Amino acid sequence: MATVQPLRERRQIDAVKLYLRNHPRNSLSAHPLRYYMIWLFGIHTGLRISDIIPLRVCDVMYRTHVSIHEKKTGKTRLFRISSSLQLELEDYCRGMDPDAYLFGNSQGGHLHRVVVWREINIACRAVGITDRVGTHTMRKTFGYHLYQKTKDVALLQMILNHSHPSVTLRYIGIQQDRIDAAIMELAL
């Protein structure tokens, strides 16, 4: 599996949001905003796509915290839904069956991660992002921006469930940013 990068610039994040919210191909979908909401959910929670797509409406509606059983680690995790994400979720879920998948497909199941990967790639390419991207870009973007805001690698390490701070810094691209900056400033 190829390594993907976080979106480091807010304008890139906003461009993807705008594309996913307004693109005409969304009108073909059972729920036109589902890829937009998956994007918001991923960049606001840092959850893996395998933990996002099986969520049901009742798991998130009118809740400030959601408990999930992580597929990768097998651990139970409690995460906070930010107030801005809560507002978006209320609009998105209005009129939906509480037992329905939050990000359902036309067969009554949930979306497949490959379908989400394709839609995110289409959106990123459409707005001019040429870096390698995928569903994990959402998780890395969350991590990168939380780190930039707090500079608390220990907190981020705990949230992302990493074994060591250096793993977290490498994961969100901070180590490479530091290496690049040091080399750019070198004048012998």
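## Quick look at unusual backbone geometry
You will see that Tyr62, though not glycine, has its phi angle at about 60°, which is positive. Mapped onto the elements of the fold, Tyr62 is located in the loop between helix H4 (57–60) and strand E1 (65–69). We note that Asn161 has phi near 60°; this positive angle belongs to a residue other than glycine.

## Things to note about the pattern of salt bridges
All chains considered together, the criterion is met by 9 salt bridges. In this structure, the salt-bridge partner of Lys17 is Asp14, at a minimum N-O distance of 3.8 Å. Of this pair, Lys17 and Asp14 are both found in helix H1 (residues 10–22), 3 residues apart, which corresponds to roughly one turn of the helix. Residue Lys17 is classed as buried on the basis of its relative accessible area of 19%. Taking relative accessible area as the criterion, Asp14 reaches 32% and is therefore assigned partly exposed. One salt bridge in this structure joins Glu70 and Arg77, with 3.7 Å as the shortest N-O distance. A relative accessible area of 12% places Arg77 in the buried class.

## Describing the pairing of E1
Residues Val66 and Ile68 line the buried face of E1, whereas the alternating positions His65, Ser67 and His69 sit on a face that is not buried. Following E1, the chain reverses through 6 residues before pairing antiparallel with strand E2 (residues 76–80); Gly74 in that reversal takes a positive phi of roughly 80°.

## Remarks on the environment of Ile53
Mapped onto the elements of the fold, Ile53 is located in the loop between helix H3 (49–52) and H4. Taking C-alpha positions, Ile53 is 9.1 Å from Val116, a pair spaced 63 residues apart along the chain. Beyond its immediate sequence surroundings of up to four residues, Ile53 is in contact with Tyr101, Phe103, His110, Leu111, His112, Arg113 and Val116.

Parameters and conventions
Residues numbered from 1 in each chain as written. Predicted model: local features only at pLDDT ≥ 70, side-chain atom pairs only at ≥ 80, totals over all residues. Heavy atoms only, no water. Helix = DSSP H or I, 4+ residues; strand = E, 2+ residues; numbered from the N terminus. Salt bridge = Lys/Arg side-chain N within 4 Å of Asp/Glu carboxyl O. Buried < 20%, exposed > 50% of the residue type's maximum accessible area, 1.4 Å probe, protein only. Pairing = 2+ DSSP bridges. Contact = heavy atoms within 4.5 Å.

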